[in-house]
Amino acid sequence: QVHISRVYSPTQAISDGLASSLSVNLAITETYDVADLDVWLTISHTQNADLEATLVSPNGITVSLFSAGILSGSGLVGTVFGDQAEIPIISGTAPYTRTYQPEGSLATFNGEAMSGTWTLLVTDTVANGSIGTLAAWGMRIKTPSHAHVFKWDTLASGFFGQSGNVVFRMVA
């Protein structure tokens, strides 16, 4: 398995209301397929309930991390989204400092090529004067483990006497 991590950290403002989404890109140059993907982010915002966040793959596939109305309080601090988490994001509490299951399944990206531009979209859905910033976000991508099967004729080699074929499997 190969683990790829990328982080985007320049702080950017999240516009108040539906005027526009904050769109922030991460470029991945490695050419492996995705076997597992986690996303983390840090957002400072006065009304989490106003926010929604979506991850978009290089192929245009989207997964909702959370939609408007399901979060409470203010801010997300080092919040990690992963399908293996025990707690769904809807059951979390501000400032959401743990690992949570996203609203959509990140397994949707499994098998997809990771190379290209990934985009995080953050939208403040309510124009009520509440403001915020995206301080950082990133992804941790795991690739599939590759199995290599080697075979040889042990009978012909005499290595194991008269035992026939033996298969060894080595996982890298």
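Reading guide: rules and limits
Residues numbered from 1 in each chain as written. Predicted model: local features only at pLDDT ≥ 70, side-chain atom pairs only at ≥ 80, totals over all residues. Heavy atoms only, no water. Helix = DSSP H or I, 4+ residues; strand = E, 2+ residues; numbered from the N terminus. Buried < 20%, exposed > 50% of the residue type's maximum accessible area, 1.4 Å probe, protein only. Contact = heavy atoms within 4.5 Å. Phe/Tyr/Trp six-rings, centres within 6.5 Å; stacked < 30°, edge-to-face > 60°. Salt bridge = Lys/Arg side-chain N within 4 Å of Asp/Glu carboxyl O.

Asks: What is the right way to read the side chain of Thr-54 from this model?
Replies: Note that Thr-54 resides in strand E5 (residues 51-56). You can call Thr-54 buried: its relative accessible area is 19%. The contact partners of Thr-54, leaving out residues within four places of it in the chain, are Thr-62, Val-63, Ser-64, Leu-65, Thr-119, Leu-120 and Leu-121.

Asks: Before we go on, may I ask you to explain the packing of aromatic side chains in this structure?
Replies: Think of a pair of aromatic rings as described by two things: how far the centres are apart, and how the planes are tilted against each other in angle. If you walk through the whole model with that rule in mind, you get three aromatic pairs. With centroids separated by 6.0 Å and ring planes inclined at 25°, the aromatic side chains of Phe-66 and Phe-81 adopt a geometry described as stacked. Of this pair, Phe-66 sits in strand E6 (residues 62-66) while Phe-81 sits in strand E7 (residues 76-81), and the two are 15 residues apart along the sequence. Ring centres 5.1 Å apart and planes at 80° place the aromatic pair Phe-109 and Trp-118 in the edge-to-face group. For Phe-109, a relative accessible area of 0% corresponds to the buried category.

Asks: When you look at the pattern of salt bridges in this model, what are you seeing that I'm missing?
Replies: Between side chains of opposite charge, a pair can form as their charged atoms come close. Under the definition given, this model contains one salt bridge. The residue Asp-38 makes a salt bridge to Arg-140 at a minimum N-O spacing of 3.6 Å. With Asp-38 in strand E4 (residues 36-45) and Arg-140 in strand E11 (residues 132-142), this pair connects stretches of sequence that are 102 residues apart.

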